[in-house]
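Chain residues, written in single-letter form:
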2 protein chains.
Amino acid sequence: MRISEGVEWAVHLCGVLGVVRDGYSLTAGRLAEFHDLPSDYLAKHLQALSRAGILTANRGVSGGYRLAKPARSITLLDITLAIEGSEPAFRCTEIRRQGPCAATPAACKHICAIAQAFMLAETQWRKALASVTVADIIRTAASESFDRARRQAFQDWLNNAVK
Amino acid sequence: MRISEGVEWAVHLCGVLGVVRDGYSLTAGRLAEFHDLPSDYLAKHLQALSRAGILTANRGVSGGYRLAKPARSITLLDITLAIEGSEPAFRCTEIRRQGPCAATPAACKHICAIAQAFMLAETQWRKALASVTVADIIRTAASESFDRARRQAFQDWLNNAVK
């Protein structure tokens, strides 16, 4: 069980887009450059984020991406589901209905206790991710992992990269 | 992101082993038969459960499996980690250290805010799974998905299968 690295990339890049001024955008190439990511793999994740209504893509060959809504309205859960799909991690295949002592449909009117327990656990996980927004990440990262030199480098890069 | 079906199988079969009387066991073949599972795939999961101290395997070609401890002392988290491995689902690859505005080691003394948020969510998930034991599953399944006919079929199968 593993969350794909596309989720890590997507959250980081939504954080970058969250500080781009209104009316400006960053191309897929620039977004890949920012964390030195493989642009072909990244492209499909950016498309998934667009389909999920998290990013807006400008049309045209030089088109860029921007957040489709405020950073405070995009949660880590939104991004995770956009990249990973919304199916639950535990997928009950109803094996209780198989074998020499298979449960009848009548005995299966309750959801399987095992599936139920995993669903509750996943609800906790989703709630936790839904409580953290891109704006929260930007705020924490700005105070914890940007020293003065990095802040300046980021501002210079951004001024040059946005369009 | 998907929990392998081996976890579903393992929890179900720990539930079956949880009602086998002390001193008795079920072979891998019988365990596969119970839910009509592919015995080759199942075998490696049974071995993983043994390595994790959840099952005890009797030696010999006709050796069977039994729970290594009481059903009330085995949680869904124990089983999940035994099958899936104990690595967290979100694996931070520290991409903040890559690219033209890479964070210096000094700026990375705090764990990345993104990794931190996913870690907290996974802690919630693990706590929920750690709160449910095989004994709980047996109790709920017995009351919800075993009607009288299935209970009898199960008892007959078990009497014949244990050794």
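Just so you know, these numbers come straight off a predicted model, no measurement behind them.

(A) Representation of the packing of aromatic side chains. Counted under the stated rule, the structure contains 8 aromatic pairs over all chains. Where F34 of chain A meets W157 of chain A, the ring centres are 4.8 Å apart and the plane angle is 55°; that geometry is what we call tilted. Separated by 123 residues along the polypeptide, F34 of chain A in helix α2 (residues 28-34) and W157 of chain A in helix α7 (residues 148-161) bring together distant segments of the chain. Across the pair, exposure class does not vary: F34 of chain A and W157 of chain A are buried alike. For the pair F90 of chain B and F118 of chain B, a centre-to-centre distance of 4.2 Å together with 10° between the ring planes defines the contact as stacked. Of this pair, F90 of chain B sits in the loop between α4 (76-84) and α5 (113-130) while F118 of chain B sits in helix α5; the two residues are 28 residues apart in sequence, bridging distant segments of the chain.

(B) Fine view of the interface of chain A and chain B. Between chain A and chain B, the residue contacts involve 57 residues of the former and 57 residues of the latter. Buried area between chain A and chain B, both sides added, is near 5,400 Å², and the carbon and sulfur share of it is 67%. Considering only the side of chain A, the residues that lose the most area to chain B are M1, I95 and C101 of chain A, jointly responsible for 15% of the buried surface there. Applying the counting rule to chain A against chain B returns 0 salt bridges. Across the chain A-chain B interface, the total number found is 18 residue pairs in polar contact (both at pLDDT 80 or more). By residue number, the principal contributor to the side of chain A that touches chain B is helix α5 (residues 113-130) of chain A, which donates 10 residues. For the side of chain A that touches chain B, the per-class residue count stands at 33 nonpolar, 11 polar and 13 charged.

(C) Examining helix α4 (residues 76-84) of chain A more closely. For α4 of chain A, the full list of buried residues reads L76, L77, I79, T80, A82 and I83 of chain A. Next to the buried residues of α4 of chain A lie α1 (5-17), α3 (39-51), α5 and α6 (134-144) of chain A together with α5 of chain B. Following α4 of chain A by one or two positions, G85 of chain A adopts a phi angle in the positive range, close to 90°.

(D) Layout of the pattern of salt bridges. All names here are of chain A. Counted by the stated rule, this structure contains 12 salt bridges over all chains. Linking R97 and E94 is a salt bridge whose minimum nitrogen-to-oxygen distance equals 3.7 Å. Owing to a relative accessible area of 38%, R97 belongs among the partly exposed residues under this scheme. In this structure, the salt-bridge partner of R139 is D136, at a minimum N-O distance of 2.6 Å. Placement of both R139 and D136 in helix α6 is noted, with a separation of 3 residues, approximately one turn of the helix. For R139, a relative accessible area of 53% puts it in the exposed group. Looking at D136, the relative accessible area reads 23%, which means it is partly exposed. Each member of the salt-bridge network shares a partner with another, and the members are E94, R96 and R97.

Quick notes on the rules
Residues numbered from 1 in each chain as written. Chains lettered and ligands numbered in written order. Predicted model: local features only at pLDDT ≥ 70, side-chain atom pairs only at ≥ 80, totals over all residues. Heavy atoms only, no water. Phe/Tyr/Trp six-rings, centres within 6.5 Å; stacked < 30°, edge-to-face > 60°. Helix = DSSP H or I, 4+ residues; strand = E, 2+ residues; numbered from the N terminus. Buried < 20%, exposed > 50% of the residue type's maximum accessible area, 1.4 Å probe, protein only. Contact = heavy atoms within 4.5 Å. Buried area = accessible area lost by both parts, 1.4 Å probe. Salt bridge = Lys/Arg side-chain N within 4 Å of Asp/Glu carboxyl O. Polar contact = N/O pair within 3.5 Å; in protein donor to acceptor, adjacent residues only side chain to side chain. Nonpolar A, V, L, I, M, F, W, Y, C, P; charged D, E, K, R; others polar.

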